[in-house]
Amino acid sequence: MVLSLSIREQKKSKNRKIITIMTHNYPLGEIASQVRRDIVRMVNLAASGHPGGSLSSTEIMTALFFSEMNHNPANWRRDGKGKDMFFLSAGHLSPVFYSILARSGYFPVSELASFRKLGSRLQGHPSVERGLPGVHMASGSLGQGLSVACGAALTKRIEGENNFIYVLMGDGESQEGQVWEAAMFAAHHKLSNIIAFTDWNGQQIDGPNEKVMSLGDLEAKWRAFGWDVVVADGHDIEAIKAVIRGAKEASADGKPKMLLMKTEMGKEVDFMQGTHHWHGKAPNAEQTEKALSQLKETIGDF
Amino acid sequence: MVLSLSIREQKKSKNRKIITIMTHNYPLGEIASQVRRDIVRMVNLAASGHPGGSLSSTEIMTALFFSEMNHNPANWRRDGKGKDMFFLSAGHLSPVFYSILARSGYFPVSELASFRKLGSRLQGHPSVERGLPGVHMASGSLGQGLSVACGAALTKRIEGENNFIYVLMGDGESQEGQVWEAAMFAAHHKLSNIIAFTDWNGQQIDGPNEKVMSLGDLEAKWRAFGWDVVVADGHDIEAIKAVIRGAKEASADGKPKMLLMKTEMGKEVDFMQGTHHWHGKAPNAEQTEKALSQLKETIGDF
Amino acid sequence: MREIFENSGNKDTRSGFGAGLHELGKTNKDIVALCADLTGSLKMDAFAAEFPERFIQCGIAEANMIGTAAGLAVSGKIPFAGSFAEFVTGRVYDQVRQSVAYSETNVKICASHAGITLGEDGATHQTMEDIGLMRMLPNLTVINPCDYNQTKAATIAIADHHGPVYLRFGRPSVPNFTPANQKFEIGKALLMVEGADVSIFATGHLVWEAIQAANILKGEGISAEVVNIHTIKPLDKKAVIESAAKTGAVVTAEEHLIAGGLGELIAGLLTREKPTPQEFVAVDDLFGQSGEPADLMREYKLNAESIVSAAKRAIARK
Amino acid sequence: MREIFENSGNKDTRSGFGAGLHELGKTNKDIVALCADLTGSLKMDAFAAEFPERFIQCGIAEANMIGTAAGLAVSGKIPFAGSFAEFVTGRVYDQVRQSVAYSETNVKICASHAGITLGEDGATHQTMEDIGLMRMLPNLTVINPCDYNQTKAATIAIADHHGPVYLRFGRPSVPNFTPANQKFEIGKALLMVEGADVSIFATGHLVWEAIQAANILKGEGISAEVVNIHTIKPLDKKAVIESAAKTGAVVTAEEHLIAGGLGELIAGLLTREKPTPQEFVAVDDLFGQSGEPADLMREYKLNAESIVSAAKRAIARK
Ligand SMILES: Cc1ncc(C[n+]2csc(CCOP(=O)(O)OP(=O)(O)O)c2C)c(N)n1
Ligand SMILES: Cc1ncc(C[n+]2csc(CCOP(=O)(O)OP(=O)(O)O)c2C)c(N)n1
Ligand SMILES: [Mg+2]
Ligand SMILES: [Mg+2]
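Since we're looking at a predicted model, the values are computed, not measured.

A.B. asks: Just checking my understanding: could you explain the overall build of chain C for this structure?
C.D. replies: Regarding its fold elements, chain C presents eleven helices and 14 strands. At 19 Å, chain C has a C-alpha radius of gyration in line with the 20 Å of a compact globule built from 318 residues. Pairs at least 24 apart in sequence give 80% of the contacts found in chain C among residues at least 6 apart. For chain C, the accessible area works out to roughly 8,500 Å², and carbon and sulfur atoms hold 49% of it. Taking the average place of the 30 positive charges on the side chains of chain C and the average place of its 38 negative ones, the gap between the two points comes to 5 Å.

A.B. asks: What should I look at first to understand the coordination of the magnesium ion (ligand 4) in this one?
C.D. replies: Put simply, the ideal angle at a metal is 109.5 degrees for four donors in tetrahedral geometry and 90 or 180 degrees for six donors in octahedral geometry. All names here are of chain B. All of the protein donors around the magnesium ion (ligand 4) are Asp-171 (OD), Asn-201 (OD1) and Gln-203 (O); their distances to the metal are 2.0 to 2.2 Å. In the primary sequence, the donor residues of the magnesium ion (ligand 4) line up as D-x29-N-x1-Q. Of the two residues, Asp-171 is situated in the loop between strand S2 (165-170) and helix H7 (177-188) and Gln-203 in strand S4 (residues 203-204); the sequence distance between them amounts to 32 residues. The pair formed by Asp-171 and Gln-203 is uniform in burial state, with each residue classed as buried.

A.B. asks: What's the story with the relation of the copies chain D and chain C in this structure? I'm lost.
C.D. replies: Superposition of the two copies of the chain requires a rotation about an axis together with a shift along that axis. Laying chain D over chain C is done by rotating through 180° and shifting 0.0 Å along the axis; what remains is an RMSD of 0.0 Å. Between the two chains, the operation in question is that of a two-fold axis.

A.B. asks: Teacher, can you tell me more about the coordination of the magnesium ion (ligand 3) here?
C.D. replies: Looking at the magnesium ion (ligand 3), the protein donor atoms are A:Asp171 (OD), A:Asn201 (OD1) and A:Gln203 (O), and they sit 2.0 to 2.2 Å from it. If you list the donors of the magnesium ion (ligand 3) from N- to C-terminus, the spacing comes out as D-x29-N-x1-Q.

A.B. asks: Explain the site of ligand 2 here, please?
C.D. replies: Neighbouring ligand 2 are 23 residues; B:His92, B:Asp171, B:Asn201, B:His279 and D:Glu62 lie closest to it. Around ligand 2 the close residues trace back to chains B and D. Side-chain polar atom of B:Asp171 to an oxygen atom of ligand 2: 2.6 Å apart, as the coordinates give it. B:Gly172 places a main-chain nitrogen or oxygen 2.9 Å from an oxygen atom of ligand 2. Coverage of ligand 2 by the protein amounts to 99% of the 580 Å² it exposes when considered alone. Here the residues of the shell around ligand 2 are counted per class, giving six nonpolar, eleven polar and six charged.

A.B. asks: What is the right way to read the interface of chain D and chain C from this model?
C.D. replies: Frequently, the measure chosen for interface size is the accessible area that the parts lose on association. Listed as interface residues are 48 residues of chain D and, on the opposing side, 48 residues of chain C. When chain D packs against chain C, the two sides together hide about 4,000 Å² of surface, and 56% of this comes from carbon and sulfur. Interface area lost by chain D to chain C is led by D:Arg97, D:Met136 and D:Phe287, which between them contribute 19%. Viewed at the interface, chain C and chain D are joined by ten salt bridges. Across the salt bridge formed by D:Glu86 and C:Arg97, the nearest N and O atoms sit 3.7 Å from each other. The interface formed by chain D and chain C contains 22 residue pairs in polar contact (both at pLDDT 80 or more). Among the secondary structure elements, those contributing two or more residues to the side of chain D that touches chain C are helix H4 (93-102), helix H5 (130-135), strand S13 (250-257), helix H9 (262-273) and strand S14 (278-283) of chain D.

The rules behind the values
- Residues numbered from 1 in each chain as written.
- Chains lettered and ligands numbered in written order.
- Predicted model: local features only at pLDDT ≥ 70, side-chain atom pairs only at ≥ 80, totals over all residues.
- Heavy atoms only, no water.
- Helix = DSSP H or I, 4+ residues; strand = E, 2+ residues; numbered from the N terminus.
- Rg over C-alpha atoms; globule rule 2.2 N^0.38 Å.
- Contact = heavy atoms within 4.5 Å.
- Areas by Shrake-Rupley, 256 points an atom, 1.4 Å probe, with all protein chains shown as cover.
- Lys, Arg positive; Asp, Glu negative; His and termini not counted.
- Charge placed at Lys NZ, Arg CZ, Asp CG, Glu CD.
- Donors = N, O, S within 2.8 Å, 3.2 Å for Na, K, Ca; no water.
- Buried < 20%, exposed > 50% of the residue type's maximum accessible area, 1.4 Å probe, protein only.
- Least-squares fit on C-alpha atoms with pLDDT ≥ 70 in both.
- Near = heavy atom within 4 Å.
- Polar contact = N/O pair within 3.5 Å; in protein donor to acceptor, adjacent residues only side chain to side chain.
- Nonpolar A, V, L, I, M, F, W, Y, C, P; charged D, E, K, R; others polar.
- Buried area = accessible area lost by both parts, 1.4 Å probe.
- Salt bridge = Lys/Arg side-chain N within 4 Å of Asp/Glu carboxyl O.

Functional significance is not addressed by these values, which are geometric in nature.
This is how it looks when you write it as structure tokens:
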């Protein structure tokens, strides 16, 4: 009864390839700006969704998908064979994920308008039920993505592939115990092909991490769990590229990699920036206007 | 239908007081020896149960209940009002727990013979259903006890009581993510009235921790989670007493306390000692004989 | 009685919970509240603001929240621990099982955003299994009130009931139609509309829909009885058996999967007592999806129209 | 058919799982196995010893094990992830829900020590809710075979079925009575004993008890039909409806709580199709306790004697 509503159109891979190549001609900073516009517009259109963390992780996702990751939107396979794989553990960051996927050529950018609508492939949190290309796994219930990444990393090792498994987590998300189970597991099994990002924006729903549930010395925690840890500016695209490359190069040391990316929630939209209030709130028409006036349209709105 | 089978006899508190006082006249080492005999005999009689970790945590439990803990077996309340409270997180260590409780005077030592039998108050893992004095909470599913301790510690603080909350965990148990959730919570809420023990015997069911799922630098982990950590010899009763006292004295520093007790699984029974094979296996008659020959009967068998 | 229930204005049931909790905070100093980074969504903010020393923020760590609540309860407090329904049931089933139900601790598990009406967040957040999960646990009382007033009354009532409770409520604004001063009696089903031809046993958001359905049916000359099963466990067996015996046809209506839900509970009871034709208004073996609450209710056929046709099917099978 | 089932010697069903897994390891290199520090109890040691590179030790971290299995599955492996039944269901319900069922990953969840026959460890380890938990999840297949041979066959069969599966088996040695070479057909109920007066739908360890009950009833002139519901989901509705329609009286028998179990599943089906008097051989709203498996089966009335009296009660209510 419900599946029949799915938007099942599969755009030709040829078309997708063209989109990708075109997008790749833009400087990464311009792509990030367009992605931010997409995020704000999607959440406004849906009248629900999570702009805060999407805006804080925009550069991380841009640098990863448009520069560092070995992927092929034109010929995507759910099993990720022969390619790097990306898992969005913090599923509420679906706006940035969907925009990045569409802008990479996984599906038509026009489909971004269906975000959170009945029958859409762009569910509130990523889902595989309707076959959206680019999404390997459902997420939304926090704390599960790093475990999934561990499994995929094991497959890569068993198959002798030297591709990487990327995963994006929220900082608040690391309060979930399952994250530390996965941390211990990855270190024990020496899954150095895992490169994880924490979007360290210092905020979660009820307020700053520090007030809600302090992460304490987060760097020390990951190190104590046997990981290589790097702290970097999560809005500096060149810095992000550098730490990802560094992580890839260090993969022989047998340790999984945690890239703690210092960011600001709501980045680049003045009234959203640095506060938890826009974690999961949609801007109204006026607010959207105000936000968009601060974000350059580069590639073109959907 | 089932509860009717319960052994509901409640021995008079007067009797219990006499038992306690008598037991307290023995040196702690002699109590520990008797407790070890109880463990071996209970598990043999039940033809099931967990001798390995019970034998490794015997001195910890002896020092705690017969020296450091503020408790009153004669007048025990489930809500622990005005007293210290103890939670056994690693519920499979029920043999040592039950022996310590009986030897402290919580219930008749003769009841130890009912361990794991149909209708017994001495369930395979501690349970409150049948009202066994000394047991505040059910356990058995690993990883939950530290969270419970956090709750009790909060009550003590709200009520302005300066009693302590003790909790005993297994080392393998700290692979459960919930333990790290509780660790983060206790540090965030500055629950310095929690004194936790890890029975660091280096073994779990499938083998040494190191092989099954390495705990890595366990001390660094707890420190990184914001706890005061002490490592001590978990078979040296004086050392145990000293670290408990130290933990109590340091309670003003606002940090919860983790006492990592270095122990050996199956301690004092040569064929059980230092191996995981007796984690959850009952000795047969002959093996029991052999084990008991190595353990001095001091207070008298049940 | 055929009382006329009128909507006194739409309100969300979670706000009924928030109001009840706030009131409890004022009258009972043993009440403490715990939340896992969803204080605003659970409408716990009034309590948190007025009683900060009794509000315990747990962060995104639901398992630990349940254990902490159990520890508070065993030492004498009355903890209300809240999150989205999926995260205080499926996420923590084993913790609820051991540290709350089996340990018989006086914990009140407060579950917001239950069912498909959670809306746009979609399937990972929309539990339609929580009634099934929680009613399996011995010692646990399971309550699913129908509107703002009843949720507020239930919140207050469970504080006086010594023992573990699961309290389920929802996100969207829906009609508020029960009397504001009605006392909440745990385990006592409420006859909302008396009727003779078919018994509609409804719970939660579906009670209002059932009353609407009864009105529609009345217009067609069918006399439907509507019973509000606000307490799923312990089920008011007598009320169910008597009504079903009287009408000889049953409809169950709930914002839940068929599997594990109120419908199967009642089917199990009636096959043991007096087998009766029964139709289910519930979701059959599907995950939810994103959408607006009202649209989803229509899409998943959880509304008055579905109850009307189910009632006719049940009657036809007498 | 009234086939005579003979016990070819007691064996534990978990050893059937272990043998099946070991065999799969030899024939299919995509099979991987995961365990959470219970390798011996799950009888996974033969697999682990022969295929160490495909055996993944997860330590005591079941949530992560499920997620890891999902990650292995999405990338092309066929993971069999095992622990005690409570720890791969209630402990990880939300993980199974999102990363296995909703994500439609090809994970085989392997649950040993299910039910009361877990024995001496007691209630915290004895799940009698796992069928209820797992059958609520869309996309998941739920299987509960009856003996060693059938468990081995089921283990092999689920490897060829693409999709998430829950496989439930037990700890103690019990009669092994189904043919060693019988192919396991998912979703196809097995008629074990043909009869006319009452239908006994049994699953798992209770199938043998049901056959014994049918023998006893035969001696008293009552003709009981025994159907082995080894696949709880998808339920073989046709088989259930036809048998119930033929006999007009139903007994369900399972090592599970009444709530959420096979009995309620069948009651729900029959009230929609053709309401039929039904009696439940299952545990009513109690936690288990420590004891020897056989003693517990007697104590909780999960045996042939209980089925016999339930059958008589059901027949009397026709
Ligand atoms: C298991 C679980 N618990 C709670 C939630 C509700 N929730 C969604 S996002 C969120 C906060 C996440 O914080 P963080 O990871 O820092 O992400 P950010 O707010 O920075 O986007 C919470 C509590 C959830 N989705 N899953
Ligand atoms: C949640 C959970 N998972 C698995 C088990 C089964 N189990 C019981 S004891 C044990 C090993 C515990 O290891 P450790 O904490 O080191 O205790 P020790 O073996 O030293 O006694 C396991 C896996 C359990 N009881 N609970
Ligand atoms: Mg954050
Ligand atoms: Mg150990």
